[in-house]
Structure formats: structure tokens, C-alpha cells
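Observations on chain architecture
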Amino acid sequence: MTWQPALPGRPEPGRPARTPSGLFPAGPPSRPTWREPHRVTGTGVAAGGALAAAWLVLFGLLGRDVPGYAWWTILAGGLAWLAALALVRFGDRGVATGIAIVTAGGWSIAAAVVAVRWATSGDWPLW
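Right, let's walk through the structure included here. (Residues numbered from 1 in each chain as written. Predicted model: local features only at pLDDT ≥ 70, side-chain atom pairs only at ≥ 80, totals over all residues. Heavy atoms only, no water.)

**Examining the nonpolar core**
Ala52, Ala80, Ala84, Val95, Ala96 and Ile99 together form the largest nonpolar core, which totals six residues. Among the elements that take part in this core, helix H3 (residues 93-121) stands out by supplying three residues, more than any other. Not counting the four nearest positions on each side in its chain, Val95 is found in contact with Gly44, Val45, Gly48 and Leu87. (Core = buried A, V, L, I, M, F, W, Y, C linked by side-chain atoms within 4.5 Å. Buried < 20%, exposed > 50% of the residue type's maximum accessible area, 1.4 Å probe, protein only. Helix = DSSP H or I, 4+ residues; strand = E, 2+ residues; numbered from the N terminus. Contact = heavy atoms within 4.5 Å.)

**A word on the environment of Ala112**
Checked against the element boundaries, Ala112 lands in helix H3. In the structure, Ala112 is positioned 42 residues away from Ala70 in sequence and 10.0 Å away in space, judged by C-alpha atoms.

**Observations concerning the packing of helix H2 (residues 66-90) against H3**
Two numbers describe how H2 lies on H3: the axes approach to 9 Å, and their chain directions differ by 165°. When the axis of H2 is compared with that of H3, the two are roughly antiparallel. By crossing handedness, the relation of H2 to H3 is classed as left-handed. Class assignment for the residues of the contact of H2 with H3 results in 19 nonpolar, five polar and two charged. (Axes fitted to C-alpha atoms, helices over the stretch in contact; angles between N-to-C directions. Parallel < 35°, antiparallel > 145°, perpendicular 65-115°, else oblique. Left-handed = near helix turned anticlockwise from the far one by under 90°. Nonpolar A, V, L, I, M, F, W, Y, C, P; charged D, E, K, R; others polar.)

**A few points about the side chain of Thr73**
Following the sequence through the fold, Thr73 ends up in helix H2. Here Thr73 falls in the buried class, since its relative accessible area comes to 2%. With residues up to four places along the chain from it excluded, the contact list for Thr73 reads Leu56, Gly60, Gly106, Trp107 and Ala110.

**Notes on H3**
Between its first and last C-alpha, H3 extends 42 Å over 29 residues, near the 42 Å set by a 1.5 Å rise per residue. If you check which residues of H3 are buried, you get Gly94, Val95, Ala96, Gly98, Ile99, Thr103, Gly106, Ala110 and Val114. Its buried side turned inward, H3 meets helix H1 (42-60) and H2. Taking the backbone nitrogen of Gly94 as reference, a side-chain oxygen 3.0 Å away marks Asp92 as the first, capping residue of H3. Residue Gly122 follows H3 closely and has a positive phi angle near 80°. (Expected span 1.5 Å × (residues − 1). Polar contact = N/O pair within 3.5 Å; in protein donor to acceptor, adjacent residues only side chain to side chain.)

**Considering the packing of H1 against H3**
Close contact between H1 and H3 brings their axes to 6 Å; oriented N to C, the two are set at 40°. Looking at the two axes, H1 sits oblique to H3. You can see that H1 and H3 cross each other, and the crossing is right-handed. Facing Gly44, Val45, Gly48, Gly49, Ala52, Ala53 and Leu56 of H1, the residues of H3 in contact are Gly94, Val95, Thr97, Gly98, Ile99, Val102, Thr103 and Gly106. Among the residues making up the contact of H1 with H3, the classes are represented as seven nonpolar, eight polar and no charged.

**Comments concerning a nonpolar patch on the surface**
Taken together, the side chains of Trp55, Leu62, Trp72, Leu75, Leu79, Leu82 and Leu85 make up a nonpolar region of the molecular surface, amounting to roughly 670 Å² of accessible area. Among the elements that take part in the nonpolar patch, H2 stands out by supplying five residues, more than any other. In this fold, Leu82 is placed in helix H2. With relative accessibility at 56%, the residue Leu82 sits in the exposed group. (Patch = residues over 30% accessible without salt bridge, like charges linked within 9 Å, V, L, I, M, F, W, Y side chains within 5 Å. Areas by Shrake-Rupley, 256 points an atom, 1.4 Å probe, with all protein chains shown as cover. Salt bridge = Lys/Arg side-chain N within 4 Å of Asp/Glu carboxyl O.)

Okay, structure coming up:
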């Protein structure tokens, strides 16, 4: 019988088994890896951001004055975030990320407009 080296991961006859350091793969993973169906991509984030921006602009144009603009933007942002939550759970997380980022930016712009009106008039504009 001729001697042959053992396969990687199997101890040679007469030598103790060695635990691999983990630096180099020592074989297949011990458990399966999960691949998500819709990876987060830049295209998805950009598409969600563009759709959310259009959505907020369309709703913002419904307001005739600062309070109307602010309330329509709050409503549109809330609906957009509900859609983003549904997309996180059941759809494309990249699109949901774009929606959430642009909605937060839209709310920030509305808050700045309200703050400027409040600072210049001295009266809270939302009610």
C-alpha cells in the first residue's frame, strides 16, 4: 500500500486533526447561504428617489399657501413611507431606501419653509 496525502479537511493517518484558521476556505460552509431575491442596487435607489420626488412635488403643488403645502407634503410623505415599508417587507429594498431618503429630504424642505414663514411673520403658520 502506497502512502497518499489526505484530502484537505481530513487528518492524515497518525496525525491529529487541525482546526483551520478561517483565513482560507477549508471547504463548503457549514450551513447554506441565503441570497436575497432583490439586492439593493444604485439603480433601485435612484428609481425610488425619482418616484418619491415626483410624488412629493405633485402633492406639494396642491397647496395654495405655506400651510397647504406643508400639510400636503406631510400627507404625501406619510403615504410614501407606507409604500416604502411595504417594499421593505415584500419587494425591492433599494427602491424603499430611495423613497425614504427623498421623503426625509422633502419633509426637511417643508419644515424649513414653515420655519422661515414663522420667523418672518411671528405667527405659527400651520394652524
